[in-house]
Amino acid sequence: MKQNSTRIMVALIAVIVLAGACMIGIKGLAFELNKQNAKKIEVSIGKQFEEKDIKEITNEVFGKQPVIIEAIEVYKEAVSITTTEITEEQKNSLITKINEKYETELVAENVKIEEKAHVRGRDIIKPFVKPFIIVSIIVLVYLAIRYKKLNLIKVLGQSFGIIVLAQVVLLGIMAITRMPIGKFTASAVLIVYILSTYICTAKFEEELEKTKELKKEN
């Protein structure tokens, strides 16, 4: 029964990794709007506003396009609107609706459409590489000391393999499900990392108990 479960798990992991690799090769990874190629406009309304009101306006102007709305400036009397595409027609419509809503006299020609460059994946993960390596070394050293009665090379090799494989599986799942890389990615990586270290600990604890039982029998 246990062997069947192990085979199913191995097959599932293989499918996720292969499907994820294919998806990355075809479509790449998905990114949150603020980390992909986008367009932005900043509008100085001159008075405080409710984000939900701006959201209603952007829904009318941009339809189903994803939109990020941010209040800017000290008194939050200006708004930054980011979306995948902003045409001149959409900009004019947006300014017209803001003028109608807030009784302002904004001029569309004075509002510029700015380009936002795509943030590379390597630039996102770069700040986390060094801490990840340091923590992994500490964890591997701990496991090597904690389970020194087991084969040292086996403990280090399997621990490293499980930790790396867990992150590869996470990457595969993100690619398949099109889960965007953004503010929740670091949390997902951390949760998976903790789970992988727990799996290592549980595995070696079981092996250690078996070793102790064999010694008692002998």
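Our subject is the structure that appears above.
Residues numbered from 1 in each chain as written. Predicted model: local features only at pLDDT ≥ 70, side-chain atom pairs only at ≥ 80, totals over all residues. Heavy atoms only, no water.

Q: What is the right way to read the overall build of the protein chain from this model?
A: In terms of helices and strands, the protein chain carries six helices and four strands. Taking 17 Å as the expected radius of gyration for a compact globule of 218 residues, we find that the protein chain reaches 26 Å, considerably beyond that expectation. Overall size of the protein chain, expressed as C-alpha extent along the three principal axes, is 90 × 35 × 25 Å. Counting the 218 residues in the protein chain, one finds 32% classified as buried. (Helix = DSSP H or I, 4+ residues; strand = E, 2+ residues; numbered from the N terminus. Rg over C-alpha atoms; globule rule 2.2 N^0.38 Å. Buried < 20%, exposed > 50% of the residue type's maximum accessible area, 1.4 Å probe, protein only.)

Q: Just checking my understanding: could you explain the side chain of Thr83 for this structure?
A: When you line up the elements, Thr83 lands in strand 3 (residues 78-83). With a relative accessible area of 0%, Thr83 lands in the buried category. For Thr83, the side chain forms a polar contact with the main-chain oxygen of Pro66, separated by 2.7 Å. Thr83 has contacts with Leu33, Ala38, Lys39, Phe62, Gln65, Pro66 and Val67, leaving out every residue within four places of it along the chain. (Polar contact = N/O pair within 3.5 Å; in protein donor to acceptor, adjacent residues only side chain to side chain. Contact = heavy atoms within 4.5 Å.)

Q: Help me out: how do you make sense of the sheet that holds strand 1 (residues 38-44) in this one?
A: Strand pairing in a sheet relies on backbone hydrogen bonds. The paired strands run either parallel or antiparallel. Read across the open sheet, the four strands follow the order 2-3-1-4; overall the sheet is antiparallel. What marks the edges here is a single partner per strand, and that holds for strand 2 (67-72) and strand 4 (114-116). Between one strand axis and the next, the sheet turns by 25 degrees as a mean value, whatever way the strands run. Sheet analysis places strand 2 next to strand 3, joined by six bridges and oriented antiparallel. Across the sheet, residue Val67 finds its bridge partner in strand 3, namely Thr83. Contacting strand 2 and strand 3, helix 2 (residues 51-62) runs over the sheet at an angle of about 145 degrees to strand 2. (Pairing = 2+ DSSP bridges. Axes fitted to C-alpha atoms, helices over the stretch in contact; angles between N-to-C directions.)

Q: Is there a simple way to think about helix 3 (residues 88-102) in this case?
A: Think of an α-helix as 3.6 residues a turn; residues three or four steps apart then line up on the same face. Compared with an ideal rise of 1.5 Å per residue, which puts 15 residues at 21 Å, helix 3 spans 21 Å between its outermost C-alpha atoms and is within 8% of the ideal. Turning to helix 3, its buried residues are Gln90, Lys91, Leu94, Ile95, Ile98, Asn99 and Tyr102. Buried residues in helix 3 make contact with strand 1, helix 2 and strand 3. (Expected span 1.5 Å × (residues − 1).)

Q: Sorry, what's going on with the nonpolar core here?
A: In a soluble, globular protein the nonpolar side chains are often hidden away together inside. By size, the foremost hydrophobic cluster in this structure holds 19 residues, and its most contacted members are Val43, Ile45, Ile54, Val79 and Ile81. Elements with a contribution of two residues or more to this core: strand 1, helix 2, strand 2, strand 3 and helix 3. What Ile54 contacts, discounting residues up to four positions off in sequence, is Ile45, Phe49, Ile69, Val79, Ile81 and Tyr102. Formed by ten residues, the second largest nonpolar core is a distinct cluster that contains Val139, Tyr147, Phe204 and Leu208. (Core = buried A, V, L, I, M, F, W, Y, C linked by side-chain atoms within 4.5 Å.)

Q: Whenever I open this one, the pairing of strand 3 confuses me. Can you help?
A: Residues in a regular strand project their side chains so that they alternate between the two faces of the sheet. The element strand 3 is largely enclosed, with a buried count of six among its six residues. Where burial is concerned, the two faces of strand 3 agree: the one with Ala78, Ser80 and Thr82 and the one with Val79, Ile81 and Thr83 are both buried. Note that strand 1 and strand 3 share six bridges and pair antiparallel. The residue bridging Ile41 from the neighbouring strand is Ile81, located in strand 3. What sits between the antiparallel neighbours strand 2 and strand 3 is a turn of five residues, in which Glu73 has the positive phi angle 70 degrees.

Q: Would you take a moment to explain a positive patch on the surface for this structure?
A: Together, Lys148, Lys149, Lys212, Lys215 and Lys216 make up a positively charged patch on the protein surface. Take Lys148: it is sitting in the loop between helix 4 (121-146) and helix 5 (152-177). With a relative accessible area of 65%, Lys148 lands in the exposed category. (Patch = residues over 30% accessible without salt bridge, like charges linked within 9 Å, V, L, I, M, F, W, Y side chains within 5 Å. Areas by Shrake-Rupley, 256 points an atom, 1.4 Å probe, with all protein chains shown as cover. Salt bridge = Lys/Arg side-chain N within 4 Å of Asp/Glu carboxyl O. Lys, Arg positive; Asp, Glu negative; His and termini not counted. Charge placed at Lys NZ, Arg CZ, Asp CG, Glu CD.)

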